[in-house]
Amino acid sequence: MSDTTSSAPEPKSEKGYGIQIVYHTLSGRVEEKQTTSKSPPDPADAVGNIDAHLLSVDEVYSRYSTHPTVGLELAAVRRRERDGKNIISPPPTVYWKKTFNYIFGGFNFLMWISFILTILCYEPLGPPVPFTLGVAVLLIIVIVISAAFYALVDWNANRIMKSIKSLIAHKAAVIRDGNQQIIKATDIVVGDVAVLNAGDRVPADMRVVQASSDLRFDRSLLTGESEMVPGTLDATSDNALETRNLALTSTFVVQGTCHGVVFATGDRTVMGRLVKMSGETKFKLTTIQREMWFFTKIVSWIALFFFCLSLLLYGVWLRTSYPGYDTPSSAIVNSIGCLTAFVPQGLPICVALSLTVIARRMAKRQVLVKNLATIETLGCMSVLCSDKTGTLTAGKMMVENIGFLDDVFGVEEINERVTKASDPAIFSAFKALHQIARLCNGAQFDVTTNHLPVQDRTIKGDPTDTALLRFSEALSIPELGVDASTLQQDYHKKFEIPFNSNNKWMLSVVSRVNTAEKNVESTWMFVKGAPDVLFPSCGSVLQSDGTVVKLTSKARQTFAMLQEDWSSRGQRVLVLCRKSIEEIKTGLPPNDVEDLMYMEMCDLTLVGLIGICDPPRPDVSASISLIRRAGVRVFMVTGDFKLTALAIARQVGIITQHVVDTIQDVRAAASEKTSPKDYYLYKPSDNDPIRSLVLTGEDVASLTSFDWNVIVGAYTEIVFVRTTPDQKMQIVEEIKARGDNTVAVTGDGVNDAPALKAADIGVAMGSGSDVAKEAAALILLKNDFSSIPVAIELGRLVFDNLKKVTLYLMPGGSYAQFMAILVNVLLGMQIPLNPYQQTCYSITNDVIMSISLMYEKPEWDLMQRKPRNTRTDRLTDWRFFFHIFLFYGLMLWPCAMAMWFLYMNQQGLSFYKVILTFNRWEDGWQGYTLSQLTQFVNVGQGIYYVTVTIGQCGTLLAVCNRRVSILHSNPLWGPRRNLLVLVGITGTILICIVNLYGAVFQRVFGTTPIPGMFWGLPFTFALGILLMDETRKAIVRKYPKSFIAWLAW
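For the structure given in this document, a descriptive report is provided here. (Residues numbered from 1 in each chain as written. Predicted model: local features only at pLDDT ≥ 70, side-chain atom pairs only at ≥ 80, totals over all residues. Heavy atoms only, no water.)

1. Description of the overall build of the protein chain
Part 1: If you tally the helices and strands in the protein chain, you get 38 helices and 29 strands.
Part 2: Structurally, the protein chain occupies a C-alpha span of about 130 × 75 × 50 Å along its principal axes.
Part 3: Looking at the 1049 residues of the protein chain, the share that counts as buried comes to 58%.
Part 4: Long-range pairs, those at least 24 residues apart, make up 77% of the contacts in the protein chain between residues at least 6 apart in sequence.
Part 5: When the accessible surface of the protein chain is split by element, carbon and sulfur atoms take 59% of a total near 43,100 Å².
Part 6: Here the protein chain carries 100 positive and 97 negative side-chain charges, and the mean point of each set is 8 Å from the other. (Helix = DSSP H or I, 4+ residues; strand = E, 2+ residues; numbered from the N terminus. Buried < 20%, exposed > 50% of the residue type's maximum accessible area, 1.4 Å probe, protein only. Contact = heavy atoms within 4.5 Å. Areas by Shrake-Rupley, 256 points an atom, 1.4 Å probe, with all protein chains shown as cover. Lys, Arg positive; Asp, Glu negative; His and termini not counted. Charge placed at Lys NZ, Arg CZ, Asp CG, Glu CD.)

In structure tokens form, the structure reads like this:
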């Protein structure tokens, strides 16, 4: 039996850095413990006490009461299960930090400043009036509600993420009761003999007891180093963290295979101890959160600037020039309006809410998003690099054709033709082909499903080996002695070199069991792999009747034509070879045996070709069409043969052109093209024709920077074939470096992991290897490729809706309120919107209506726009502020101010009797008592408040659509129905009614009812804002290249 185990790399994450630091620190302390006397209890002691790596293989089996071929018996498993599940406890949550962030995060710190200053104004700076205390109470209520909302959203998002993470059931292959079984990784117990293959995550700490010569681990999660670590049978260091004969939890097998005996599970593993020591869950800002943090800083500094400016003007000008106009207390309270006016309190709430909404939608589609804002990054995707096998194709491979030098068979006709033949011996080559397909195979049946038909059994292995295993198990030709059950008994596997993406072949050495004949044909070397790689190593060929002839150039041409024919139909073609060798001496180290086998890789006998069909997934073609329509280029990056890859690419719509360029065309263009200085300019323009390109791994290795400029800048359709994992990663990095590209990579295999890590967004299939799933940011648990365009749309929708929220909040919540303070300070007019109304509007009216915008559905052209450029397309830009301050805002605040002056005029106070009054607004002004003047101001403030609130309803309806008329896309009916908009409008008007007519509010804050006409007129202003925006949109649609269209947000 071959010795094999594998472990693959875990992607780096923010919290991984803490793990790596603790790992290296702990390793150093273990070294010290081994050279110095014992000190008081130390976390390094537990790791220093590990000695499984210092035992011999036999001693390991003896200590843990297990057996290399039997494993643990069921009774032993039941006893050891009492030690608990193989689960690493997460680090404890630091609740005080979370609570601190909830209370002081976002714009809440400005609310705290406002609250503290308001309390000081109540006592001791000013007379303790109820109004000031009421504003303070309101501010603290706002802080508490905001903090509670952030906590609720965070809890809900975590709950959703935990529920979809639980859908990933990590599996492990173990030997129990003499059979290999696939169990949940959480059910592994100490003493289990685990079987690891390339791509597997190591499920528990284990001592390697059997290993293939090419065994390699990825310990990057622990060490932070990406280099592969060789696996050995013997200890290479006394330090358990440095030795190479231990496979540690959550590392990966990236190459080779091995068996290991489990010596620690759960929190007792090295990883479990590191997690407990680090106690770290670092928070990493996502792209959209960085945008929000940037915007928050700008708004906060502006608010603080105008707050300080307002106080400065009072201190150096108003206080001396117009004594009595304002008291210190009232000046501070009025200036606090600058803080509340500029704070779009609904924005952080909408960001948090949007992530929760997305989490719920993605959970319904069985999509695991490791970081929720990855969705927003998907909205920026401009290039999608996709693997072929298992990603674009179903990964359910089936053997379809068999080809010998002088005959070709369809799988379904094999038995029929052999039965009808006068002498079945004319097809003797099937026996050799069957031996190679069955014995040179890395896949294995799950013994618990052996009672099922061959096609229904569970198999652990890659898709190609799985197809060959099913074929060889089902193939039975009694006339030729072809039978899988006897084959396994007749041969013993002595050595194996598993398939890897660099060699592109697999090798097995087998020998006959219990044979008395000591001839040269008792030991065979079987090899299977890519035809173009193995053809040069072949010197002879087996004909269908079993005779061996020389592999002539004509025979090579025959096989090449057969390969081309099958590949052009989308089949993966493998060549099966064999060679009789001398028996391998016992006791040779695996590396020496491997070197010997490489020396034997010549003069092989070519047995035959096998054509394997792997049809495209049914949802891929339509999904790629949607993705391309969204302006995203889709490239195929595969290790498969060129013609096979091109055939699949044409079937799924990645290649649409009849003429496909090659490296020669790229070189010719590179020599003629004048390169721009900036890399971000390398991208196809809208007017460029669609061009297709195919490049091999050899081509990629020889490309220059100028060649890459042409490839990324001129081609819309590209297929990379025969690529290695390193070349896949290079392709991703070269594309990312040019054209401002945001690159996503889809894959499912070990060879895809480097590219998945290098990409901006890695997308793995749920049926893929553990390595790929760990490296990816997004996992399609149901292998549903159609979830990718949905995720792109959701990402764009989040950003689109946040722009709408910001555009809605600023004109009323910031602009109209700030203008009220400005006229009070500079123009000597009574403030038309008091601090309570400013604060209340920002934290209730605005928030209620803005939340409804987060539930807006995608606009019809969302997936027809170009991807967002993360470098140039920000959440806010100059066009954005133009609309805020010179379009929506310039209509809203003059209307509100006009209503204030209209009411004052009705009371006999004309424009010039209201403005520039400063400290003259007192008892006797224009014949009115101070009580009457105060009543006028209270009513006028209510009118201004109502006008801004209702006017913003027009802004809300205007920003719901960027280009489409509300007549064709409205919130009441149709595909973009959003009744929450109506709920928000109703809610905000009800808040106004409560504020103006509520007895408590009237008594504390001086609010008062307003005349009926001032309830009706604002609706005409709201309609006017909506009609003006409808006119703007009509111009944009009619004249898309006009100046108005250029200004559009």
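2. What to know about the packing of helix α11 (residues 328–342) against helix α31 (residues 835–853)
The geometry of a pair of packed helices is captured by two quantities: the angle between their axes and the separation between those axes.
Part 1: Relative orientation of the contacting elements α11 and α31 amounts to 15°, with a least axis distance of 9 Å. The orientation of α11 with respect to α31, classified from their angle, is roughly parallel. As α11 packs across α31, the resulting crossing turns out to be left-handed. For the pair α11 and α31, contact is made by V333, N334, G337, C338, T340 and A341 and by P835, Q838, T839 and S842, respectively.
Part 2: Across the contact of α11 with α31, the residue classes tally to four nonpolar, six polar and no charged. (Axes fitted to C-alpha atoms, helices over the stretch in contact; angles between N-to-C directions. Parallel < 35°, antiparallel > 145°, perpendicular 65-115°, else oblique. Left-handed = near helix turned anticlockwise from the far one by under 90°. Nonpolar A, V, L, I, M, F, W, Y, C, P; charged D, E, K, R; others polar.)

3. A word on the sheet that holds strand β8 (residues 252–255)
Part 1: Across the sheet, which stays open at both edges, the three strands sit in the order β6-β5-β8 with antiparallel pairing between neighbours. Of all the strands in the sheet, just β6 (229–230) and β8 have a single pairing partner and so form its edges.
Part 2: Relative to β8, strand β5 (residues 216–218) runs antiparallel, the two sharing three bridges. In the strand pairing of β8, D218 is matched with F252. (Pairing = 2+ DSSP bridges.)

4. Re the side chain of R438
Part 1: Within the fold, R438 resides in helix α16 (residues 429–439).
Part 2: The residues touching R438, leaving out its near neighbours within four places in the chain, are F445, L469, S472, E473, A484, L487 and Q488.

5. A few points about the packing of helix α32 (residues 878–906) against helix α37 (residues 1013–1038)
Part 1: At their nearest, the axes of α32 and α37 sit 11 Å apart, and the two run at 160° to each other. One element, α32, and the other, α37, form an angle in the roughly antiparallel class. For α32 against α37, the interelement crossing comes out right-handed. In contact with H883, F887, Y888, M891, L892, C895, M899, L902, Y903 and Q906 of α32, α37 contributes M1013, F1014, L1017, P1018, F1021, I1025, M1028, D1029 and R1032.
Part 2: The residue makeup of the contact of α32 with α37, split by class, is 15 nonpolar, two polar and two charged.

6. Considerations on the environment of M601
Part 1: Relative to the elements of secondary structure, M601 occurs in the loop between α21 (590–600) and β22 (604–613).
Part 2: Sequence separation between M601 and S537 is 64 residues, and the spatial gap between their C-alpha atoms is 6.4 Å.
Part 3: In this view, M601 contacts W505, L507, M525, V527, L534 and S537; residues no more than four positions away in its chain are not counted.

7. Points about helix α17 (residues 463–474)
Part 1: Here α17 contains twelve residues, and its C-alpha end-to-end distance of 17 Å stays within 8% of the 16 Å for a straight helix at 1.5 Å per residue.
Part 2: α17 sits mainly inside the fold: nine of its twelve residues count as buried.
Part 3: Buried within α17 we find T464, D465, T466, A467, L468, L469, R470, F471 and S472.
Part 4: The N-terminus of α17 is capped by D462, whose side-chain oxygen sits 2.9 Å from the backbone nitrogen of T464. (Expected span 1.5 Å × (residues − 1). Polar contact = N/O pair within 3.5 Å; in protein donor to acceptor, adjacent residues only side chain to side chain.)

8. Comments concerning the environment of Y808
Part 1: Mapped onto the elements of the fold, Y808 is located in helix α30 (residues 787–826).
Part 2: Look at Y808 and you get buried, because its relative accessible area is 0%.
Part 3: Linking Y808 and R268, residues 540 residues apart in sequence, is a C-alpha distance of 54 Å.
Part 4: Dropping the residues within four chain positions of it, Y808 is found in contact with Y841, N845, D846, M849, S850, L853, Q952, T955, L956 and V959.

9. With respect to the pairing of strand β25 (residues 692–696)
Part 1: Taking burial as the measure, the five residues of β25 include four buried ones, the bulk of the element.
Part 2: As paired strands, strand β24 (residues 660–661) and β25 are joined by two bridges and run parallel to one another. From the neighbouring strand, D661 faces β25, where its bridge partner is L693.
Part 3: Direction of pairing for β25 relative to strand β26 (residues 717–721): parallel, over a ladder of five bridges. Bridge pairing in β26 places T696 opposite V721.

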